[in-house]
Amino acid sequence: MPLDTSIQSILIIGSGPIVIGQACEFDYAGSQAALSLKDEGIKVSIINSNPATIMTDKVIADHVYLLPLNCESIEQILKEQKIDAVLPTMGGQTALNLCKEAEERGIWEKHGVRIIGVDIDAIEKTENREEFRKLMVEIGVGVAPSKIANSFLEGKEAAQLIGYPLVIRPSYTLGGSGGGFVYKKEDFDQALSRGLQASPTHEVLVEKAVLGWKEYELELLRDGNDNVIIICVIENFDPMGIHTGDSITVAPAMTLSDRCYQDMRNQAIHMMRSIGNFAGGCNVQFSVDPVTETIIAIEINPRVSRSSALASKATGYPIAKIASKLAIGYNLDEIENQITKTTSAYFEPTLDYVIVKIPRWNFDKFKGANTELGLQMKSVGEVMAIGRTFIEALQKACQSLETNRLGLGADGRQSRNLEEIMHSLEHPSWDRLFHVKDAMSLGVPLESIRKITHIDKWFLVQILELVSLEAELKRYSLNNIPTDFFKTLKQKGYADAQIAWLLGNVTEDEVYERRKELGIRRVYKMVDTCAAEFPAKTPYFYSTFEDENESIVSERKKIIVLGSGPNRIGQGIEFDYSCVHGLLAAKEAGFEAIMINCNPETVSTDFNMADKLYFEPVFWEHVHEIIELEKPEGVIVQLGGQTALKMAQKLHEKGIKIIGSSFDSMDIAEDRGRFSDLLKQMDIPYPLYGVAESAEEAIEVAHKVGYPVLVRPSYVLGGQGMSIVINDEDLEKAVVKLLRNLPGNRVLIDHFLDRAEEAESDSISDGVDYHIIGMMEHIEPAGIHSGDSYAVLPPFNLSKKVTDLMEEYTKRIAKALNVRGLLNIQFAIKDEKVYVIEANPRASRTVPFIAKAYDVPYINIATKIMLGVNNLSDFKIERKLNGYAIKEPVFSFDKFPEVKKELGPEMKSTGESIRFIRDLEDPYFRHLYKEKSMYLSK
């Protein structure tokens, strides 16, 4: 069936601010869908309240509505725009719930809007646990014994009937919110109460727990002719009992028999067909008994899921793009294969490589949190790695995490505490994978590990091989390692730094030079979806150690953009927004734009965004070898947050050009001590400070600058490790803890300006001129991390004297640091005196917010200035903000009910939304100001 020409305009509903359980994978899906629909000549409108995403950028849609995700906003859009259809399947659970509510209120019918990509009935059948259970029984698909409960009494009766252990699954929730396992009767009442409260319909499913079973996910697509294809089968490394968002996952499935796979595939197709007659994407989750291979269905999601982005990047098959075309009438055989360009989209991808996803957690931000993993998702991001084998991909994924690990162990950070290790195996947390290897290194039998963890023996055997390889390596010195064995180590994913640590008394660089002498070099393979059956046109690569290199280096001038790695608190989607605009600007300036990143959720790792994508860890060894291959004009580190900035010193030492501000400029700004010295030379006020390398020195400094003091390490992200203390005892504890967690770091002790106001500026400089992008005033006082503060653009309560001083200091600092590109400065204001707290010559968290509020492509402008193709005077910058914009931080404290909801100098928010107001009399602002501000007397 060809394109449905009655659809001329479509509204895509976004997922709102980033929260745990719903992250930037939906930004990727929405962006893909919007661009795909625009290709068909359809006018695309988007509603989303998240200013940090590419999805809400003018380059993606014809009309972008940065509005709260509610029915009132939908009504407003439908009055302003002639919308023919709404696509709610790209914005996660938030979008589906809003679509369903608008349908129940009659809004779509009133405005003549069709729902495409899903049936409303399908939402009800899949989200309502009892309806789902009944349907599965009706179509003959196995489910665990269960009973629905809408009250405390019904829940108790269900538990008595089913028996323990059991699972509580609330209806209509996100990321497993409110769900959990109950192992014994005494814990049931509290768990049931939490589940009922979490469900918007006060409904839970009480279900028999199938602990220790294996878990699989299938990503499906179906067209209007009822053709269904399986895009990817993803296997969970962790068994049932851990939310799939918190589980290490692998594709293709490694331990699935063909009989079981065919059975699972047939059941998934049967399930998708049974929930409604719609064309689009679907995610199905199954559990499999490891002994009998009995299959039971866990759930089905009639939308692009969290795993769809992973499956798209794993296979090269753009699920959201194809799903959006199916929703407007195309059939699979009418759509071009995006990879080969010569075949249709009606095929199932074949992988001749392995991908591994590892989640990224931020438990350090939630002091006192229960770090044990379970049914409720707790991770804030994820990484993906590609290798020829499972173990190569696993090691590369560990290198991508940015947790100071060099791979899976062999880096001096192993645990030798057997009691701690065994507890970790039984009570899984973020580090269980590493403890599996530690246990093997200490001689714990593989079968004992399997019985405790229920991880499939095949995976454990792969990890055990690493222990044997490391024992063998220790028999050699660097110069007598046999070439074949050296190559085997590299094929097993070992970093040069790991090999150096295992050998002892050699450096990473020496290992690198030695393997170069032996001819052991990385080659790059193409992700082609078809295991090389057809020629592929995609510029999407991963590295391995073989003979043939498929990445052909062009003669064009190249720029490499370093990505921001996994999402985490303090470094979120806003940096991916900056990277994407950096790529687009480099392409516009005539360069070949090359992306290096390892985050499967993001738009920057869409192979259509860059001229060439290397899906590799943002880890020195990997970055260095890509640079050696491609020989770029330079590398952009300003856009990828702290991840990319951490590479600046190595790049500088190797003589590799850093595009934009120099390494020394960045180093001065990042080193709190050097920066304060610079401010002193320029006679710019700053809080009194001192530097300490021990608790004793810190106490001396505190007595000199005066309590209260702000304690912080140099070179950190999102206020990591910062705290405010008021006496010697608390200071000593804070410093000892910092030096233990960040060894080799210097501690900065600043006098804390109590009851000061906080503000910040973002600017662009070309080395001569500067332009203030925006000034924002925080509603919360100084002492609350800027990422956790409500911020108002432009300032609403600062005097002209203060804003003039902020501008003057911005100008002087930009000149002193010789900034070429972006600069963010944070200020504290007390008694009309302006103090500079810190400066960051890079893209900040706030630039996307300001760019959306003023409707100016600031990252694009800054990148062209960094590249030297334009000066500030070449741009005519016109701001378009009628009133004020408010940045609203969003938190995920609901995932950690045991944690105190206290804000301070260490960032805790997971995302943000934007709200526009006409004037300061707006009721929303007055309420917010009254609730948040300590300056009401003004």
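Up top is the structure.
An account of the accompanying structure is given in this report.

Rules used throughout
Residues numbered from 1 in each chain as written. Predicted model: local features only at pLDDT ≥ 70, side-chain atom pairs only at ≥ 80, totals over all residues. Heavy atoms only, no water. Helix = DSSP H or I, 4+ residues; strand = E, 2+ residues; numbered from the N terminus. Buried < 20%, exposed > 50% of the residue type's maximum accessible area, 1.4 Å probe, protein only. Contact = heavy atoms within 4.5 Å. Areas by Shrake-Rupley, 256 points an atom, 1.4 Å probe, with all protein chains shown as cover. Lys, Arg positive; Asp, Glu negative; His and termini not counted. Charge placed at Lys NZ, Arg CZ, Asp CG, Glu CD. Salt bridge = Lys/Arg side-chain N within 4 Å of Asp/Glu carboxyl O. Phe/Tyr/Trp six-rings, centres within 6.5 Å; stacked < 30°, edge-to-face > 60°. Disulfide = S-S within 2.5 Å. Core = buried A, V, L, I, M, F, W, Y, C linked by side-chain atoms within 4.5 Å. Pairing = 2+ DSSP bridges. Axes fitted to C-alpha atoms, helices over the stretch in contact; angles between N-to-C directions.

Things to note about the overall build of the chain
Per the secondary structure count, the chain includes 31 helices and 33 strands. When the backbone C-alpha atoms are referred to their principal axes, the chain occupies close to 75 × 75 × 65 Å. Classification of the 938 residues of the chain by burial places 66% in the buried group. For the chain, long-range pairs separated by at least 24 residues make up 70% of all intrachain contacts whose partners lie at least 6 apart in sequence. Total accessible area on the chain is roughly 33500 Å²; 48% of this is exposed by carbon and sulfur atoms. Averaging the locations of the 105 positively and 135 negatively charged side chains of the chain gives two centres separated by 2 Å.

Points about the environment of F390
Of note, F390 is situated in helix α12 (residues 390–400). By relative accessible area, which is 2% here, F390 ends up buried. Put simply, F390 and M907 are 517 residues apart on the chain and 35 Å apart in space, counted from C-alpha to C-alpha. F390 has contacts with F237, V250, M254, V354, V356, W458, F459 and Q462, leaving out every residue within four places of it along the chain.

Re the pattern of salt bridges
Across all of its chains, the model carries 58 salt bridges by this definition. In this structure, the salt-bridge partner of R388 is E546, at a minimum N-O distance of 2.7 Å. Here R388, found in the loop between β16 (381–387) and α12, pairs with E546, found in the loop between β18 (540–544) and β19 (558–562); they are 158 residues apart in sequence, far enough to count as distant. Note on R388: relative accessible area 25%, which makes it partly exposed. Between E729 and K733 there is a salt bridge; the shortest N-O distance is 3.6 Å. With a gap of four residues between them, E729 and K733 both fall in helix α27 (residues 728–741), about one helical turn apart.

Some points on the packing of aromatic side chains
Two descriptors summarise a pair of aromatic rings, namely the distance from one centre to the other and the angle between the planes of the rings. Counted under the stated rule, the structure contains 22 aromatic pairs. The interplanar angle of 80° and the centroid separation of 6.3 Å between the aromatic rings of Y164 and F188 together place this pair among those described as edge-to-face. Of this pair, Y164 sits in the loop between α7 (152–162) and β7 (166–170) while F188 sits in helix α8 (residues 188–198), and the two are 24 residues apart along the sequence. Look at F237 and F390: their rings are 6.5 Å apart centre to centre, the planes differ by 20°, and that puts the pair in the stacked class.

Let's talk about the state of the cysteines
All chains considered together, the criterion is met by zero disulfides. Here C598 is not disulfide-linked; the sulfur of C579 is the nearest cysteine sulfur, at 11 Å. Using a relative accessible area of 0% as the deciding quantity, one classes C598 as buried.

Remarks on helix α24 (residues 663–670)
With seven of eight residues buried, α24 lies mostly within the body of the structure. Within the sequence span of α24, burial applies to F663, S665, M666, D667, I668, A669 and E670. On its buried face, α24 sits against α22 (641–645), α23 (648–653), α25 (672–681) and β31 (833–840).

Here we look at the nonpolar core
Formed by 173 residues in total, the largest nonpolar core has its most connected members in I10, I12, Y317, I358, L562, V637 and L651. Among the elements that line this core, the one with the most residues is helix α16 (residues 457–473), at seven residues. Excluding anything up to four places from it in sequence, L651 contacts L562, W620, I627, V635, V637, I656 and I658.

Overview of the pairing of β7
Within β7, five of the five residues are buried, leaving the element largely enclosed by the surrounding structure. Residue alternation in β7 divides its side chains into two sets, L166, I168 and P170 and V167 and R169, and both sets are buried. Pairing of β7 with strand β8 (residues 180–182), which is carried by three bridges, proceeds in the antiparallel orientation. The residue bridging I168 from the neighbouring strand is G180, located in β8. With five bridges joining them, β7 and strand β9 (residues 204–208) adopt antiparallel strand pairing. Within β9, the position partnered with V167 by the bridge is E207.

Overview of the sheet that holds strand β27 (residues 757–766)
One open sheet accounts for seven strands, arranged β31-β30-β27-β28-β29-β32-β33; its pairing is antiparallel. Single-partner strands in this sheet number two, and they are β31 and β33 (911–917). Looking at each pair of strands side by side, their axes are set apart by 25° on average, direction ignored. Here 10 bridges tie β27 to strand β30 (residues 820–830), and the two strands are oriented antiparallel to one another. Looking at β30, one finds that E757 is bridged to I829.

Focus: the sheet that holds strand β21 (residues 612–615)
One open sheet accounts for six strands, arranged β17-β18-β21-β20-β19-β22; its pairing is mixed. Of all the strands in the sheet, the pair left with one neighbour each is β17 (523–526) and β22 (634–636). Across the sheet, the mean angle from the axis of one strand to that of its neighbour is 30°, orientation sign disregarded. In this structure, β19 lies alongside β22, joined through three bridges in parallel fashion. Bridge pairing links I559 to G634 in β22.

Some words on unusual backbone geometry
Following A251, the chain continues into P252 via a peptide bond in cis, with omega recorded as -5°. In this fold, P252 is placed in the loop between β12 (249–251) and α9 (258–274). Cis geometry marks the peptide bond from L793 to P794, where omega comes out at -10°. Mapped onto the elements, P794 comes out in the loop between β29 (791–793) and α28 (800–816). In this model, E293 sits at a positive phi of 60°, which is unusual for a non-glycine residue. Its place among the elements puts E293 in the loop between β13 (280–288) and β14 (295–301). Phi angles above zero are rare outside glycine, and D683 is one such case at about 60°. Of note, D683 is situated in the loop between α25 and β23 (689–692). Among the residues examined, D683 registers a relative accessible area of 67% and is labelled exposed.

Any link to function would need more than the numbers given here.
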